[in-house]
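Here's the letter readout for the chains.
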Amino acid sequence: MRVSFIARQCALRSGMMRNFWKTGIIFLMLIICALVALPASAEEMSVLSEQQASLWQGQTSQVYEVTLNCPGTATVTSSYGARFDLYAKKKWGYGSCPSASSILYNYDKVAYGYSGTSSMTLEAGTWCLVVHGYSGSGTYSLRVTSSCPYPTPTPYPTPYPTPYPTPCGVYKSDTRQGYLNQGQAAVYGYFIPSDGRSKIEWSMSSSGSGGSTPIIVASDGMSVESSSYGNAFDLYVFKDCNPKNSYCNTRHYSKGPNAYVSVAPPSSGSTYYAMVYARSGSGNYNLKMNSYKCGGSTPIIVASAGMGVTASDDTGSGAEVSAPSADFVISE
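Residues numbered from 1 in each chain as written. Predicted model: local features only at pLDDT ≥ 70, side-chain atom pairs only at ≥ 80, totals over all residues. Heavy atoms only, no water.

1. Some thoughts on the overall build of the protein chain
So, point 1. Secondary structure summary: the protein chain contains 3 helices and 23 strands in total.
So, point 2. Residue burial in the protein chain is summarised as follows: out of 332 residues, 40% are buried.
So, point 3. A separation of at least 24 residues holds for 83% of the contacts in the protein chain among residues at least 6 apart in sequence.
So, point 4. Of the roughly 18100 Å² of accessible surface on the protein chain, 56% is carried by carbon and sulfur atoms. (Helix = DSSP H or I, 4+ residues; strand = E, 2+ residues; numbered from the N terminus. Buried < 20%, exposed > 50% of the residue type's maximum accessible area, 1.4 Å probe, protein only. Contact = heavy atoms within 4.5 Å. Areas by Shrake-Rupley, 256 points an atom, 1.4 Å probe, with all protein chains shown as cover.)

Rendered as structure tokens:
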């Protein structure tokens with residue numbers, strides 16, 4: 001009787017032990033399955049530290065270079081309301097990355113940031129990346145991720161990023177018209193504020209009677225077109241000297257009929273007086289002033305292309321002359 005009881009107890013304990021080991025094995029298998037089922041992105045994706053900077057519309061960032069040992073993704077996130085596009089050029093060999101402008105026009109991949117985010121996949125290799133501010137302004141964040149099981153290098157700017165200038169257009173413009181008889185003159189003053197200007201220019205056309213010089217038709221939109229025969233009106237520009245009140249000299253002058261004068265760069269805090277002088281004949285004149293405010297080495301768009309003057313020309317290279325004696329009918 002006692003032997004039967006002991007046998008039953010042993011059998012019961014043996015069953016409990018079997019259940020315990022069975023439960024443990026099942027639990028261990030569940031853990032292994034969970035580890036195997038982890039997505040590759042959670043285990044293998046390496047996120048590089050973000051590169052942050054700011055851009056204005058039309059600007060392009062410095063060049064970033066990144067080397068991927070396996071496929072990855074480059075993503076740019078821009079400020080609200082801005083569209084920043086991402087351009088990529090694969091680098092071959094041991095040379096440096098091309099300039100930002102070269103990448104913009106000879107890219108291998110591009111991602112447009114229509115929704116504030118631009119993203120592209122990158123194959124293994126060395127890539128040169130630039131961010132271009134298509135519209136809006138603000139900060140951006142450049143992030144490169146890789147599916148390699150080990151960290152990949154953080155993108156870094158090239159040691160000497162090559163900036164490229166974009167053309168600079170007219171900052172402010174002013175147009176004046178009037179009528180002059182022979183010997184009369186009109187003077188207009190233009191003050192250069194403390195923030196400075198990179199260039200200021202005046203173009204003048206005239207039409208009327210009393211001379212035999214034909215009026216050249218201006219085709220650049222700066223001057224009033226005329227095809228008649230007329231007068232000879234000249235243009236003088238004086239720095240900080242009003243010819244109506246003082247004896248003034250200048251190297252900035254141009255003879256009619258279509259006269260052009262430029263100063264590059266004008267002096268901040270100075271006033272430049274443009275004098276239209278009717279040397280012969282009488283008639284109407286049209287005087288237009290354009291000023292430019294360009295940074296660094298940014299080239300100026302040639303607003304006076306029809307006159308054969310380049311964007312950086314300063315016309316004050318001739319001999320100094322005195323202001324002609326005149327009857328001033330307009331002075332501002």
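2. Things to note about the confidence of the model for the protein chain
Residues shown with low pLDDT carry predicted positions that ought not to be read at fine detail.
So, point 1. Looking at the protein chain as a whole, the pLDDT averages 76, with 67% of positions reaching at least 70.
So, point 2. Note that residues 211-229 has pLDDT below 50 and, in this model, 43 contacts with residues that lie over four places away or in other chains.
So, point 3. Predicted confidence is poor over residues 303-312, with pLDDT under 50, and the contacts of this stretch with residues over four places away or in other chains come to 26 contacts. (pLDDT = per-residue confidence, 0-100.)

3. Digging into the environment of Q59
So, point 1. Summarising the element assignment, Q59 is placed in the loop between β2 (51-55) and β3 (64-68).
So, point 2. The spatial distance from the C-alpha of Q59 to the C-alpha of S135 is 9.4 Å, given a sequence separation of 76 residues.
So, point 3. Not counting residues within four places of it along the chain, the set of residues in contact with Q59 comprises V131, H132 and G133.

4. Quick notes on the pairing of strand β20 (residues 271-280)
So, point 1. Along β20, 8 of the 10 residues are buried, which leaves the element largely enclosed by surrounding structure.
So, point 2. In this sheet, β20 lies alongside strand β12 (residues 184-191) in antiparallel orientation, the contact comprising 7 bridges. Bridge pairing in β20 links G189 to Y273.
So, point 3. Where strand β16 (residues 232-239) lies against β20, 8 bridges are found, and the strand directions are antiparallel. Residue pairing for β20: L235 is matched across the bridge by V276. (Pairing = 2+ DSSP bridges.)

5. Let's talk about the nonpolar core
One broad rule of soluble globular proteins: the nonpolar side chains tend to lie buried together.
So, point 1. Formed by 21 residues in total, the largest nonpolar core has its most connected members in Y190, W202, M204, L235, V276, Y285 and L287.
So, point 2. Of all elements in the fold, only β12, β13 (199-209), β16, β19 (259-263), β20 and β21 (282-292) reach the threshold of two or more residues within this core.
So, point 3. Counting residues per element, this core draws most heavily on β20, which supplies 4 residues.
So, point 4. Non-local contacts of Y190, meaning those with residues more than four positions away in its chain, are made with D174, R176, I200, W202, S270, T271, Y272, A274, L287 and M289. (Core = buried A, V, L, I, M, F, W, Y, C linked by side-chain atoms within 4.5 Å.)

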